[in-house]
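# Residue-level structural notes
Single-letter residue listing:
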Amino acid sequence: MVTFLAGGTGTPKLLEGAGSVWDLDDVTVVANTGDDVELGGHLVCPDVDTVLFAGGGVLDRDRWWGIAGDTTETHDELARLAEAADLGSGPRYLDDDAQTAGREIARWRRFSGVAEFMEIGDRDRAVHLTRTGLLDEGHTLTEVIAGLADAFGLVVDLLPMSDDPVATLVHTVEGETLHFQEYWVARRGEPAVDDVEFRGADAAEPTDAVREALAEPVVIGPSNPVTSIGPMLAVPGVEAALEATPVVAVSPFVGDEAFSGPAAELMAGVGLDPSTAGVVDTYPFADAFVLDREDPTEPDRHVERTDTRIDDANDAERVSIACERALEVVS
């Protein structure tokens, strides 16, 4: 048995090679939900859905977002209506009272559907509609995601990090507070980061299923340590569980060069060294690291070295094998 912590695209890419090392029936994936948003009344779970669509064989692998070949007629019509009615552009937060009303799971991350700022495909939207409808019927997020995983034929067990609301909010040097999706999707990573808040994390709890998963050996793939893995670590009990089980982490850096995304900017913004050395400091509970052969970092824990760039399934297999070797040493 092995559990992966997944967020962004790093860990989902690594999972493409997991089946060559582990029996996928014995793999659990705990996905970040801090990035989730309620957009036009529908709950969008980007990090969950990347794993869902990849495992279901429908992911758009050019973007690592959404469903391959999806149409966007509804999204395009929303943009046309907003322009024709002179309604302005998104993102459009709902007001403060609305942010804490309605679905508890969507707290602090509610956006109007007017001038929809995230491109949602038509088939992709059907997933969000189904998820939100089931939540409104009284099902937990864990139950809903399990049903969707069955619908997409996933072999691994896919779990949200919590059934409670946690919102990743970026505080900028200009004094704004932006939901991570506005910061990254709408603002393209600008302005500079002053701090990152995981609102609601203190009151959230891991589910029993997550607690059981974290009792198994854990692999943290090359996901963003701040906004992909950070929300999970902020939930009480998660870091303690990781300290009590073998953990291997793959760095999303080679030295101080990030493979992709805003990891460097976010780490610097919260006072961490934007490098593999900073990742090592961020994961004091990790027993071993998988680093690139060109990475000059020498952690004080076990290290397996390989080419850690993941561009295809063969790359993912190579890095997965290195993770397995590291787990064998520290287990």
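Residues numbered from 1 in each chain as written. Predicted model: local features only at pLDDT ≥ 70, side-chain atom pairs only at ≥ 80, totals over all residues. Heavy atoms only, no water.

So, about the overall build of the protein chain. Tallying secondary structure elements over the protein chain gives 13 helices and 15 strands in all. Projected onto its principal axes, the C-alpha positions of the protein chain cover 60 × 45 × 35 Å. Taking all 331 residues of the protein chain together, 52% fall into the buried category. Within the protein chain, counting contacts between residues at least 6 apart in sequence, those at least 24 apart form 68% of the total. For the protein chain, the accessible surface area stands at approximately 13500 Å², while carbon and sulfur atoms represent 46% of it. Here the protein chain contributes 22 positive and 65 negative side-chain charges, whose respective centroids are spaced 4 Å apart. (Helix = DSSP H or I, 4+ residues; strand = E, 2+ residues; numbered from the N terminus. Buried < 20%, exposed > 50% of the residue type's maximum accessible area, 1.4 Å probe, protein only. Contact = heavy atoms within 4.5 Å. Areas by Shrake-Rupley, 256 points an atom, 1.4 Å probe, with all protein chains shown as cover. Lys, Arg positive; Asp, Glu negative; His and termini not counted. Charge placed at Lys NZ, Arg CZ, Asp CG, Glu CD.)

The grouping of Asp23, Asp25, Asp26 and Asp157 at the surface amounts to a negative patch. Relative to the helices and strands, Asp25 is located in the loop between helix H1 (10-15) and strand E2 (27-31). On the accessibility criterion, Asp25 (53% relative accessible area) is exposed. (Patch = residues over 30% accessible without salt bridge, like charges linked within 9 Å, V, L, I, M, F, W, Y side chains within 5 Å. Salt bridge = Lys/Arg side-chain N within 4 Å of Asp/Glu carboxyl O.)

Turning to empty space enclosed by the protein, a few remarks are in order. Under the definition given, this model contains two cavities of 30 Å³ or more. A volume near 40 Å³ is recorded for the largest cavity. Lining the largest cavity are Val44, Pro46, Asp49, Thr50, Phe53, Trp65, Gly66, Asp124 and His128. Those elements giving two or more residues to the lining of the largest cavity turn out to be helix H2 (46-55) and helix H5 (122-136). The element contributing the most residues to the lining of the largest cavity is H2, with four residues. Broken down by class, the residue content of the lining of the largest cavity amounts to four nonpolar, three polar and two charged. Size it by volume and the second largest cavity reaches roughly 30 Å³. Lining the second largest cavity we find Leu39, His42, Val44, Glu116, Ile120, Arg125 and His128. For the lining of the second largest cavity, the residue count by class is three nonpolar, two polar and two charged. (1 Å grid on protein atoms, 1.4 Å probe; cavity = no way out; pocket = protein on both sides within 12 Å on 5 of 7 lines; lining within 4 Å. Points joined across faces, edges and corners; volume = space filled by probe spheres on them. Nonpolar A, V, L, I, M, F, W, Y, C, P; charged D, E, K, R; others polar.)

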